[in-house]
Structure formats: C-alpha cells, structure tokens
Amino acid sequence: MKSILENIVALRGVHYACIYQDGEVLISTFPDSNGEGVSDAAQAVEQIFSALQAIGQAHNEIYLTIGEMLLIAYFFDDEHLVMLLTDSKINIPLIHMGVKSASVKIKALSSAQPVVPLAIEEEIPAPIIAPVQEIPVQEVPPPPPAAISLAVQGIMDHFEELLIDYLGPAAIFVLEDGVDLWREKYIPSEETLINLAEILALELNPGDERNDFMAKAKGYL
C-alpha cells in the first residue's frame, strides 16, 4: 500500500496524502507532527459523507480551502477515504483519475483476507455419496486480446513521453486508462494509433495544450 500512496503523492500538485478506513489512518505521508490532526480531519470528513448518505445524497468528493492550499477527500465504495493536501490550482480531473485508479488497488488489498484452516476438532467427515456420472461442460475461453506489435508499442512509448511533459508521473495512469479504452473500441494497429492519441488528448487542457500534444503525436504516425 506504500507504493500506492507514493504514486498518489507523485501526482502534480499533491503534497501529502493518507488512506483512512474503519476509524483509523492506514498509511500517511503527512508529517508525524500532524498525525492526530490528520486522523481527526479524516473522521470529520467521514461523518460528512455519512450525513450526506443519510439524506439520500451520493456525493463522494469534498474540497476544502485551507489557506492557499486545498484539502481534498474522496470516499470510495463506502469503505475507504483518500485525503490529499494539494496546491490551490490543480488539474482536478487528473487528480481524480489518479486517485480512482489507485482506489481499485486499495480495495483489493483491504479486502484480501487470509484463509484460516478448519481446526481438526471442528472438521466434519464428509458423507459417503454414491458417485454420480456427470457430463463435463466445456467452457469456451474468451478470445485473447489483440497483440500489440513492436512498432505500435514504440509509438505508444513516444505518446507516454509526451504525456509526461504535460502531466508528470501521472502520465502512466492516463496512458493505462486510455489504452484500455482504445483496445475496447479499436483493434490495436498503426492505423488506429491516431484514435489513441485523440483519447489521450481529452485528458489535457483544451486549447493550446491539447492541440500541441496532437501535433507532436501525429509526428510519430
């Protein structure tokens, strides 16, 4: 979970982050001197989300101004809370995408439970049942995803380098999500790479930044 939190803090404009669940801070990059304050703030934010749910509201994001910074909290799956301290001016859609991607991994880690073997004295002998002849059902495996050629992968690497110039370390999240969407809609090939570039460009600021990215991306096609 430490690496997940480090990826969140690597997002542009994020200074500190913590993950809170079941009344306690699981992991945090906030300074140790603020440990209790972070826990109190997380409890207060959790109570706000609970109050919203009680009146039928589905809000799961909170943005609070603290001096010249923002305290941002995201509540996922009614289970865990991710709280960030960021610059006042940030790319909120990008931050949300990065945290949402990380929340999937957080949920997987927090829900994993060790398998506890049944104690010998609690074991119940299985009843003797006459064998029943069954006709095996042959499952048809799903088709494998279309392979990506080395030439296509090379251009995708160039796209990632371009995104890093605009988004910093968060580029990896944007590229992963963009490639998933691209492979759902198109067959990966050199001809459809322009469609991948268009999907990625939607995550950039409209106008000069988006146009500049598309111009550079087309230079690799």
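Keep in mind it's a predicted model, so treat the numbers as computed, not measured. (Residues numbered from 1 in each chain as written. Predicted model: local features only at pLDDT ≥ 70, side-chain atom pairs only at ≥ 80, totals over all residues. Heavy atoms only, no water.)

Caption draft 1: Main features of the overall build of the chain. Within the chain, the regular secondary structure consists of 7 helices and 5 strands. In the chain, the succession of helices and strands from N to C terminus is α-β-β-α-β-β-β-α-α-α-α-α. Within the span of the chain, comprising 221 residues, buried residues form 33% of the whole. For the chain, the share of sequence-separated contacts (at least 6 apart) that also reach a separation of at least 24 residues comes to 52%. Accessible surface computed for the chain: about 14,100 Å², of which carbon and sulfur atoms make up 56%. (Helix = DSSP H or I, 4+ residues; strand = E, 2+ residues; numbered from the N terminus. Buried < 20%, exposed > 50% of the residue type's maximum accessible area, 1.4 Å probe, protein only. Contact = heavy atoms within 4.5 Å. Areas by Shrake-Rupley, 256 points an atom, 1.4 Å probe, with all protein chains shown as cover.)

Caption draft 2: Geometry of the packing of aromatic side chains. Considering all chains together, one arrives at 5 aromatic pairs under this definition. In textbook terms, an aromatic cluster arises when at least three aromatic residues are bridged by ring pairs, as seen for Tyr63, Tyr74 and Phe76. (Phe/Tyr/Trp six-rings, centres within 6.5 Å; stacked < 30°, edge-to-face > 60°.)

Caption draft 3: Up close: the sheet that holds strand β3 (residues 61–66). Taken in spatial order, the 5 strands line up as β2-β1-β5-β4-β3 in an open sheet, and their pairing is antiparallel. Two strands close off the open sheet at either side, each with one partner strand: β2 (24–28) and β3. Strand after strand, the sheet turns through a mean of 20° between neighbouring axes, direction not considered. Where strand β1 (residues 14–21) lies against strand β5 (residues 80–87), 7 bridges are found, and the strand directions are antiparallel. Looking at the pairing, Gln21 lines up with His80 of β5. On top of the sheet, helix α1 (residues 2–9) reaches β1, β2 and β5; it is set at about 140° to β1, its chief contact. (Pairing = 2+ DSSP bridges. Axes fitted to C-alpha atoms, helices over the stretch in contact; angles between N-to-C directions.)

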